[in-house]
Amino acid sequence: MEKPVVYDFVNDVIAELAKITDGPYLHIGGDEIEDEHYKEFVVKAEKIVRENGKTAIGWEEVTQAKVDDSFISQRWTGTTKSVVDTRIIESICKNFYLDHGNIPDQPNTYSWCKKDGVSLKNVYDFVSENKKAIGVEGALWTELVHSDATADDRLWPRSIAVAEVGWSSPKKKDYTEFVKRLGIHGKRLVYMGVNFYKTPDVPWNTTKIKGVFSTVEK
């Protein structure tokens, strides 16, 4: 990382990505790295992103370095001691890592962050205490996901709860009311062929459907 050619390469990659993507952001990663050159590298990489007309996003460890204030930190542990005050995306693993089981000991899931899994309620109950938070993201790492059906099981219905967290005021959230509304959509998920996890908390309506939906149930 002491050689200029390293940053020439990084610039070539970021410039290409900036050219082929329409959005304003580029994610530079940066988590779980122990290296004496780490801080120097992420500062330079973040600057290269800005020089190519994009805003850099990276995992929270990046904020150990003095990156630009425009940087967006993606929190997954919430334990990093930041030296900059940046905007935040909340991806806390105990609430939003959907590679963890819906229930304890679910096969082909992880449990390193939360031993008893990340339940629908764990997702729904998340409230950010950071005034710099601009949104949330649920992550499904797919080392143990080997089929569409397995992906469905991990994503649904927890991704619906992720959306509800992102769109709703914490003061107006009510889990009991949420699962009642969610249960109605069981029929819709069945109709679409989604292999969703049938969370026991939810009063799922999974009656077989004849024909196509013509009205929305209330």
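Just above sits the structure.
Residues numbered from 1 in each chain as written. Predicted model: local features only at pLDDT ≥ 70, side-chain atom pairs only at ≥ 80, totals over all residues. Heavy atoms only, no water.

Visitor: Please clarify how the nonpolar core should be interpreted in this entry.
Guide: By size, the foremost hydrophobic cluster in this structure holds 23 residues, and its most contacted members are L120, V123 and F178. Counting only elements with at least two residues in this core, the list comes to α4 (120-124), α6 (158-167) and α7 (175-184). Broken down by element, the residue count for this core peaks at 4 residues, all from α7. If sequence neighbours within four positions are ignored, L120 has contacts with P157, R158, A161, Y175, F178, V179, L182, T199 and V202. A18, L26, V49 and V67 belong to the second largest nonpolar core, which has 14 residues in total. (Core = buried A, V, L, I, M, F, W, Y, C linked by side-chain atoms within 4.5 Å. Buried < 20%, exposed > 50% of the residue type's maximum accessible area, 1.4 Å probe, protein only. Helix = DSSP H or I, 4+ residues; strand = E, 2+ residues; numbered from the N terminus. Contact = heavy atoms within 4.5 Å.)

Visitor: Where do I start with the packing of helix α1 (residues 4-20) against helix α2 (residues 38-51) in this structure?
Guide: The geometry of α1 relative to α2 is characterised by a closest axis approach of 10 Å and an angle of 40 degrees between their N-to-C directions. One finds that α1 runs oblique with respect to α2. Considering the relative orientation of α1 and α2, their crossing is right-handed. Contacts from V6, Y7, V10, N11 and I14 of α1 reach α2 at E40, F41, K44, A45, I48 and V49. Tallied by class, residues from the contact of α1 with α2 come to 8 nonpolar, 1 polar and 2 charged. (Axes fitted to C-alpha atoms, helices over the stretch in contact; angles between N-to-C directions. Parallel < 35°, antiparallel > 145°, perpendicular 65-115°, else oblique. Left-handed = near helix turned anticlockwise from the far one by under 90°. Nonpolar A, V, L, I, M, F, W, Y, C, P; charged D, E, K, R; others polar.)

Visitor: Is there a simple way to explain the packing of aromatic side chains in this structure?
Guide: All chains considered together, the criterion is met by 11 aromatic pairs. For the ring pair W76 and Y97, a centre distance of 6.5 Å and an interplane angle of 10 degrees mean the geometry is stacked. Within this pair, whereas W76 is found in the loop between β3 (72-75) and β4 (87-90), its partner Y97 is found in the loop between α3 (93-96) and α4, the two being separated by 21 residues in sequence. Of the two residues, W76 and Y97, both sit in the buried class. (Phe/Tyr/Trp six-rings, centres within 6.5 Å; stacked < 30°, edge-to-face > 60°.)

Visitor: Got a minute to help me understand α7 in this structure?
Guide: Structural remark: α-helix, 3.6 residues per turn; residues separated by three or four positions point the same way. Of all the positions in α7, only Y175, F178, V179, L182 and G183 are classed as buried. Viewed end-on, α7 has its buried residues packed into an arc of 135 degrees, placing them on one side of the element. In the core, the buried residues of α7 are packed alongside α4, α6 and α8 (186-191). One side-chain oxygen of the residue at the start of α7 lies 3.0 Å from the amide nitrogen of T176, identifying that residue as D174. (Arc of directions from axis to C-beta. Polar contact = N/O pair within 3.5 Å; in protein donor to acceptor, adjacent residues only side chain to side chain.)

Visitor: Which parts of the structure should I look at to understand the sheet that holds β3?
Guide: Strands in a sheet are paired, the pairing made by backbone hydrogen bonds, and the direction either parallel or antiparallel. Strand order in the open sheet formed by 5 strands is β1-β2-β3-β4-β5, and the pairing between neighbours is parallel. Two strands close off the open sheet at either side, each with one partner strand: β1 (25-27) and β5 (133-136). Going across the sheet, the axis of each strand differs from the next one's by a mean of 25 degrees, ignoring polarity. Across 3 bridges, the pairing between β4 and β5 is parallel. Residue pairing in the sheet places I89 in a bridge with G135 of β5. (Pairing = 2+ DSSP bridges.)

Visitor: For this particular structure, what's the right way to read the side chain of T86?
Guide: Within the secondary structure layout, T86 lies in the loop between β3 and β4. The class for T86 is buried, based on a relative accessible area of 4%. Not counting residues up to four positions away in its chain, the partners in contact with T86 are T63, D68, D69, F71, S73 and K132.

Visitor: Looking at this structure, how should I read the environment of Q64?
Guide: Considering the arrangement of structural elements, one finds Q64 in the loop between β2 (55-59) and β3. Residues Q64 and W112 lie 48 residues apart in sequence; the distance between their C-alpha atoms is 24 Å. With residues up to four places along the chain from it excluded, the contact list for Q64 reads Y38, K39, T80, K81 and V83. From its side chain, Q64 meets the backbone oxygen of E61 in a polar contact 2.8 Å long.

Visitor: Would you explain a nonpolar patch on the surface in this entry?
Guide: Where nonpolar side chains cluster on the molecular surface, the patch consists of F9, V13, L17 and I20 and spans about 380 Å² of accessible area. Positionally, I20 belongs in helix α1. Overall, the relative accessible area of 57% leaves I20 in the exposed class. (Patch = residues over 30% accessible without salt bridge, like charges linked within 9 Å, V, L, I, M, F, W, Y side chains within 5 Å. Areas by Shrake-Rupley, 256 points an atom, 1.4 Å probe, with all protein chains shown as cover. Salt bridge = Lys/Arg side-chain N within 4 Å of Asp/Glu carboxyl O.)

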